[in-house]
Each structure stands twice: as structure tokens, then as C-alpha cells.
Amino acid sequence: MTAFDTIITGGTIATAADTFQADIAIQGGRIVAIGEGLSGAAHTIDARDRLVLPGGIDSHVHISQPSGPRVVMADDFNSATRAAAFGGNTTVMPFCLQQSGQSLRDALTWYHGLADGNCHVDVSFHLIVTDPTPQVLGQELPALAAEGYTSIKLFMTYPGLRLSDRAILDSLAAAKAAGTLVLVHAENDDAIEYLRDTAETAGDVAPKFHASTRPIPVEREATHRAITLAEIVDVPIMIVHVSNREAMEEIDRARRRGRTVFGETCPQYLVLTADDLDRTGFDGAKYVCSPPPRDTDSQAACWEGLERNVFDVFSSDHCPFRYEDPEGKKHPDGLKTFRAIPNGIPGVETRLPILFSEGVNRGRIDLNRFVALTSTNHAKTYGLYPRKGTIAVGSHADIVLWDPQRVQTIRQENLHHGADYTPFEGITVTGWPVLTMVRGQIVCANETMTAERTGQYLRRGRPAGYA
Ligand code: URP
Ligand code: ZN
Ligand code: ZN
């Protein structure tokens with residue numbers, strides 16, 4: 001009879017706070033001891049020359065989300081969470097979209113039907129509220145918060161999804177009463193529609209006009225407005241996928257006024273620019289996402305925001321569509337005008353390596369900040385901490401072994417998502433996850449899947465801002 005199920009020996013553990021040498025003992029899916037010279041386990045994992053990190057938590061992914069007529073997302077829960085695991089993630093947080101007229105409960109029933117039993121890592125949903133009726137806000141939101149659905153996303157853009165300022169105010173007030181954290185997609189939709197109409201009238205329909213019709217002021221103004229609406233209701237808010245300095249400064253300024261505003265940025269705003277949407281032929285469509293990638297000054301600003309803690313979380317906004325597919329980027333309507341190209345790019349598998357290589361290796365952030373941005377802060381923000389997001393006695397044994405020396409050129413052929421391309425093709429990174437363990441079970445190691453669909457659904461506690 002052994003004392004432990006598994007011991008991880010000889011590695012360098014990094015948390016959001018510390019970096020140290022120690023062994024980790026695991027029993028029943030949890031970490032039960034951290035110390036020197038641990039022994040007495042059924043399995044031993046040799047972690048010499050490896051970093052031992054809390055598993056990545058990607059709190060912004062879209063999976064199997066209805067995306068418009070004859071448009072199909074490239075990932076289901078099986079393929080998305082497989083890619084997530086190979087990318088060093090142990091938890092993902094997809095969005096559950098409420099369609100017009102639908103109850104949140106019905107939307108959740110549908111998503112759980114897709115996800116439950118099909119995931120390779122643990123999962124927890126945000127709700128996207130598109131139809132905030134009195135019933136939804138007054139009855140469903142508090143009931144669902146009590147069941148652990150403690151975050152919602154609101155859109156200020158996209159026809160069919162966008163909410164009026166009044167609907168946002170009502171939703172913020174309901175969220176405040178329920179203890180729910182509101183995530184906002186901040187872009188001014190009327191300004192976008194005006195610019196799109198102007199571009200199309202001029203015959204400007206190529207993919208690159210997706211970027212020029214969603215310029216920085218569109219995002220800056222909506223970010224300011226979202227923060228202002230939250231201030232009026234006096235409620236915390238999260239601004240997701242911030243792409244540039246001016247939007248970031250709105251967060252910074254609000255915090256200096258004493259507001260609780262959280263911020264998120266993503267890999268595409270660090271390593272892509274609007275020039276990528278101007279690639280030859282139709283290739284720019286591979287980079288169409290909202291907000292669009294900007295310019296090198298915006299990249300520098302996002303790095304600054306990561307260094308200075310303006311951004312709390314670094315997520316992928318994984319939203320994959322196949323390129324060579326009439327239900328994806330080459331939708332017949334999208335071939336005619338950028339307006340109809342499905343918005344979103346894949347990235348759940350490449351988020352950690354890009355931030356490690358470009359951030360830690362280049363000295364922009366340290367290893368502990370890397371862990372905070374990719375794991376710990378997601379858990380703290382969304383009510384999963386300390387169950388998730390750290391290496392501590394009592395926490396889930398969600399652990400990634402990281403080879404800091406491994407040089408890898410990102411290639412579509414090596415990835416596991418359902419898309420047929422990666423927008424990060426050809427970027428060479430140093431540092432790659434080589435083993436991913438969820439609740440003590442090795443899900444994948446050395447390019448091989450070792451457990452199938454053992455991911456569980458996570459009920460969450462109160463989010464940050466409601467302590
Ligand atoms: O283009 C993007 N980001 N698509 C995903 C949906 C969203 O707005 O997050
Ligand atoms: Zn969004
Ligand atoms: Zn998104």
C-alpha cells in the first residue's frame with residue numbers, strides 16, 4: 001500500500017508568488033504534500049529540467065457557438081479541449097450563448113448536452129446575455145449565480161447580440177444584485193456600421209477593411225462607456241480582449257478613480273497587426289477577429305499593460321473557423337465582403353508558448369507573472385481559487401510540466417484544434433508544455449493523449465470584485 005498516487009520529483013515549481021525546488025505528492029486528484037525527498041507513490045514522474053506549473057486556465061474560449069446562417073465553428077468540445085490540453089491548459093471557460101427569445105436555462109441545457117462527457121480538461125461556462133428580459137435578469141440570473149454560473153458577457157457590437165446602453169445598465173444592476181461578474185465586448189456598433197457602409201459604398205470589401213472599419217476610437221469610446229455605465233450602477237466590470245493603448249488607458253484611468261475594472265488581452269494583440277489582414281488574395285480572412293489586431297505601438301502598449309498589471313488575465317479568445325470551408329472563412333457571403341467573414345481565430349493551444357517565449361524569455365515579464373496571467377488570476381477572477389490556479393496543498397492536481405528549452409516552430413500540422421490553419425504559423429517559440437495533468441490524471445504527454453474525456457464541469461464561487 002503506497003501513501004500517494006503520484007509524486008512529481010525534481011522539478012522547479014513556479015506559482016504566481018514563488019519559484020522553488022520541491023516534490024509534489026498527489027492523492028485522490030489533489031495535491032496533498034509539497035516537500036523535499038517525498039516517496040511512497042504508485043507512480044513517480046521525473047520532472048528534472050522541467051518547470052512545474054499550475055495548469056493554464058483559458059477563461060475566454062468559444063466552442064460550438066452558433067455563429068450565424070450556414071456558419072459553423074471549427075471546434076466542438078472534444079477537439080477544443082484536446083487542443084487546450086496539448087497547449088498546457090487544464091481548465092477552459094467557454095461562452096454559453098443565449099439566443100433571442102431563449103431562456104438562459106435552455107441555453108445551458110443545450111451547451112451541457114454538447115460538453116458533458118466530451119471534455120479532456122475541466123470546463124466552466126460564462127453566459128452571453130443577448131435578450132435581457134425581466135424574467136432573465138430578475139429570476140434566471142440570481143438562480144444561476146446560486147448554482148455557480150457567476151459571470152456573464154455583454155456585447156456592445158454585432159447585430160443580434162449587441163445591447164443598448166439601457167439594456168446594459170439593467171443587466172449590470174441585475175448582475176450586481178446576483179453577485180455576477182460582467183464581461184463586456186466594447187466596440188461602438190453604430191460607428192462600425194457607419195464605417196462599413198462607407199467602405200462598401202466605395203467598393204472596399206477585402207478582408208483588410210475589417211480592420212479599418214473597427215479603428216481604435218471605436219474600441220476606446222465603448223470601453224469608456226462600458227466603464228461609465230458600470231460606475232453609474234457601482235458594479236465591477238471586466239473589459240475583455242483589449243487591443244490597444246487608448247482602451248487600456250481607460251481601464252487605468254478608471255482604476256485611479258477607485259473603480260474596480262478588470263482587463264484582459266490576448267496573443268493576437270501581441271504578435272499580429274492589421275497588416276496581417278492585408279495578406280495576398282483572401283488570406284487576410286485568417287486574421288479577421290474583433291477587435292482587430294492593430295499596429296506595433298498597440299503591441300507595445302499591450303506588453304506594457306501586462307507588465308504593469310493593467311491586464312489581470314491573458315486569454316486566447318479562441319474562436320476557430322476553418323479557412324477552406326464555405327461554412328468558415330470562405331463563406332460565400334464573406335468572399336463578397338469582409339462584413340460577412342466569420343469573426344474569430346483559433347489560439348487555445350498556442351497561448352502559453354507565445355506568452356512564455358515572447359514575455360518570459362525576452363525579460364518582459366517574470367515567470368511568476370506568467371503563471372498569474374495564464375492561470376492564477378483567471379481562477380481568482382472567476383471564483384475557482386484556490387481549487388484551481390495554484391500549486392498548494394489541497395488544490396486540484398492540475399499541473400503542467402514545461403520544457404523551457406524546447407524550441408518549436410508553430411505549425412498547423414502539429415496542432416490539435418479543428419481549424420485548418422493557425423494565425424501564428426511560422427512563429428518560433430522557446431518553451432513548450434510536455435505533460436498536462438488534470439486532477440492527478442495525465443491527459444497528454446509527449447505528443448500523445450493518455451486519457452479520454454475525463455474533464456469535469458466546475459461550479460464556481462463568487463467572482464473577484466464581490467469579496
Ligand atoms: O472575433 C472574435 N473575437 N470573435 C469571438 C467573439 C468575441 O467577440 O469574443
Ligand atoms: Zn468579444
Ligand atoms: Zn471572444
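Note that the structure is predicted; figures quoted are calculated from it, not measured. (Residues numbered from 1 in each chain as written. Chains lettered and ligands numbered in written order. Predicted model: local features only at pLDDT ≥ 70, side-chain atom pairs only at ≥ 80, totals over all residues. Heavy atoms only, no water.)

(A) Spotlight on the coordination of the zinc ion (ligand 3). Note on the zinc ion (ligand 3): its protein donors are His60 (NE2), His62 (NE2) and Asp317 (OD). The metal-donor distances range over 2.0 to 2.1 Å. With four donor atoms in place around the zinc ion (ligand 3) and angles of 89 to 130 degrees between them, the coordination shape is tetrahedral. The distance between the zinc ion (ligand 3) and the zinc ion (ligand 2) comes to 3.8 Å. Linking His60 in strand E8 (residues 56-61) with Asp317 in the loop between strand E16 (313-314) and helix H11 (332-336), this pair joins segments that are 257 residues apart in sequence. One exposure class covers both His60 and Asp317, and it is buried. (Donors = N, O, S within 2.8 Å, 3.2 Å for Na, K, Ca; no water. Tetrahedral: all angles 85-135°; square planar, octahedral: opposite > 155°, others 65-115°. Helix = DSSP H or I, 4+ residues; strand = E, 2+ residues; numbered from the N terminus. Buried < 20%, exposed > 50% of the residue type's maximum accessible area, 1.4 Å probe, protein only.)

(B) Molecular detail of the coordination of the zinc ion (ligand 2). Distances from the zinc ion (ligand 2) to its protein donors, namely Lys153 (NZ), His185 (ND1) and His241 (NE2), fall within the range 2.1 to 2.2 Å. Each donor residue of the zinc ion (ligand 2) lies on the same chain, and together they follow the pattern K-x31-H-x55-H.

(C) Fine view of the pairing of strand E15 (residues 261-265). Counting buried positions along E15 gives five out of five residues, so the element sits mostly inside the fold. Going residue by residue along E15, you find Val261, Gly263 and Thr265 tucked away on one face and Phe262 and Glu264 tucked away on the opposite face as well. Judged from the three bridges that link them, strand E14 (residues 237-239) and E15 form a sheet pairing that is parallel. If you follow Met238 over to E15, its bridge partner there is Phe262. Taken together, E14, helix H8 (residues 245-256) and E15 form a β-α-β motif whose crossover is right-handed. Examined bridge by bridge, E15 and E16 share two bridges and lie parallel to one another. Bridged to Glu264 within E16 is Val313. (Pairing = 2+ DSSP bridges. Right-handed = clockwise from strand over helix to strand, strands pointing away.)

(D) Spotlight on the site of ligand 1. Neighbouring ligand 1 are 13 residues; Lys153, Tyr158, His185, Ser290 and Asp317 lie closest to it. His62 places a polar side-chain atom, nitrogen or oxygen, 3.1 Å from an oxygen atom of ligand 1. Taking Lys153, its side chain carries an N or O atom lying 2.9 Å from an oxygen atom of ligand 1. Relative to its free-state accessible area of 260 Å², ligand 1 is covered by the protein chains to the extent of 97%. Residues belonging to the shell around ligand 1 are distributed by class as follows: four nonpolar, seven polar and two charged. (Near = heavy atom within 4 Å. Polar contact = N/O pair within 3.5 Å; in protein donor to acceptor, adjacent residues only side chain to side chain. Areas by Shrake-Rupley, 256 points an atom, 1.4 Å probe, with all protein chains shown as cover. Nonpolar A, V, L, I, M, F, W, Y, C, P; charged D, E, K, R; others polar.)

(E) Up close: helix H4 (residues 165-178). Over its 14 residues, H4 extends 20 Å from the first C-alpha to the last, a length consistent with the 20 Å expected when each residue adds 1.5 Å. All buried positions along H4 are accounted for by Ala167, Ile168, Ser171, Leu172, Ala174, Ala175 and Ala178. For H4, the angular spread of the buried residues around the axis is 165 degrees, confining them to a single face. Relative to its buried face, H4 has exposed residues pointing more than 90 degrees away, namely Arg166 and Ala177. On its buried face, H4 sits against helix H3 (134-146), strand E12 (151-155), strand E13 (181-185) and helix H7 (216-233). Where H4 terminates, the next one or two residues include Gly179, which has phi positive at roughly 75 degrees. (Expected span 1.5 Å × (residues − 1). Arc of directions from axis to C-beta. Contact = heavy atoms within 4.5 Å.)

(F) A look at the environment of Ala419. Here Ala419 lies in the loop between strand E17 (399-409) and strand E18 (428-438). Counting along the chain gives 235 residues from Ala419 to Val184, while the straight-line C-alpha distance between them is 26 Å. Non-local contacts of Ala419, meaning those with residues more than four positions away in its chain, are made with Ala74, Pro320, Phe321, Arg322, Pro346 and Gln412.

(G) Representation of the pattern of salt bridges in the model. Taken as a whole, this structure holds 42 salt bridges when the rule is applied. A salt bridge links Asp312 to Arg255; the nearest nitrogen and oxygen atoms lie 2.9 Å apart. Taken together, the positions of Asp312 in the loop between helix H10 (296-307) and E16 and Arg255 in helix H8 put the pair 57 residues apart, joining distant regions of the chain. Classification of Arg255 as partly exposed rests on a relative accessible area of 26%. Between Glu304 and Arg308 there is a salt bridge; the shortest N-O distance is 3.5 Å. For Glu304, a relative accessible area of 28% puts it in the partly exposed group. (Salt bridge = Lys/Arg side-chain N within 4 Å of Asp/Glu carboxyl O.)

(H) The packing of aromatic side chains, seen in detail. Tallied over the full model, the rule gives 11 aromatic pairs. Ring geometry for Phe77 against Phe125: centres 6.1 Å apart, planes inclined by 70 degrees, an arrangement best described as edge-to-face. Here Phe125 lies in the loop between strand E10 (122-123) and strand E11 (126-128) and Phe77 lies in helix H1 (residues 77-86), a separation of 48 residues in the sequence. Judged by its relative accessible area of 0%, Phe125 falls in the buried class. Measuring from ring centre to ring centre gives 5.8 Å for Tyr111 and Phe125, while their planes differ by 70 degrees; the resulting arrangement is edge-to-face. Taken as a pair, Tyr111 in helix H2 (residues 104-115) and Phe125 in the loop between E10 and E11 lie far apart in primary sequence, 14 residues in all. The pair Tyr111 / Phe125 is uniform in exposure class, with both members buried. Pairwise contacts between aromatic rings join Phe77, Trp110, Tyr111, Phe125, Tyr149 and Tyr457 into one cluster. Lys153 extends its terminal NZ or CZ atom over the ring of Phe95, reaching a point 5.1 Å from the ring centre. Above the ring of Tyr385, the side-chain terminus of Lys380 is found at 4.8 Å from the ring centroid. (Phe/Tyr/Trp six-rings, centres within 6.5 Å; stacked < 30°, edge-to-face > 60°. Lys NZ or Arg CZ within 6 Å of the ring centre and 35° of its normal.)

(I) Quick look at the environment of Asn414. Within the secondary structure, Asn414 sits in the loop between E17 and E18. Owing to a relative accessible area of 37%, Asn414 belongs among the partly exposed residues under this scheme. Spatially, the C-alpha atom of Asn414 lies 25 Å from that of Val71, the residues being 343 residues apart in sequence. Setting aside anything within four residues of it in sequence, one finds Asn414 in contact with Glu349, Gln408 and Thr409.

Note that every value here comes from positions in space, so none of it alone points to a role or purpose.
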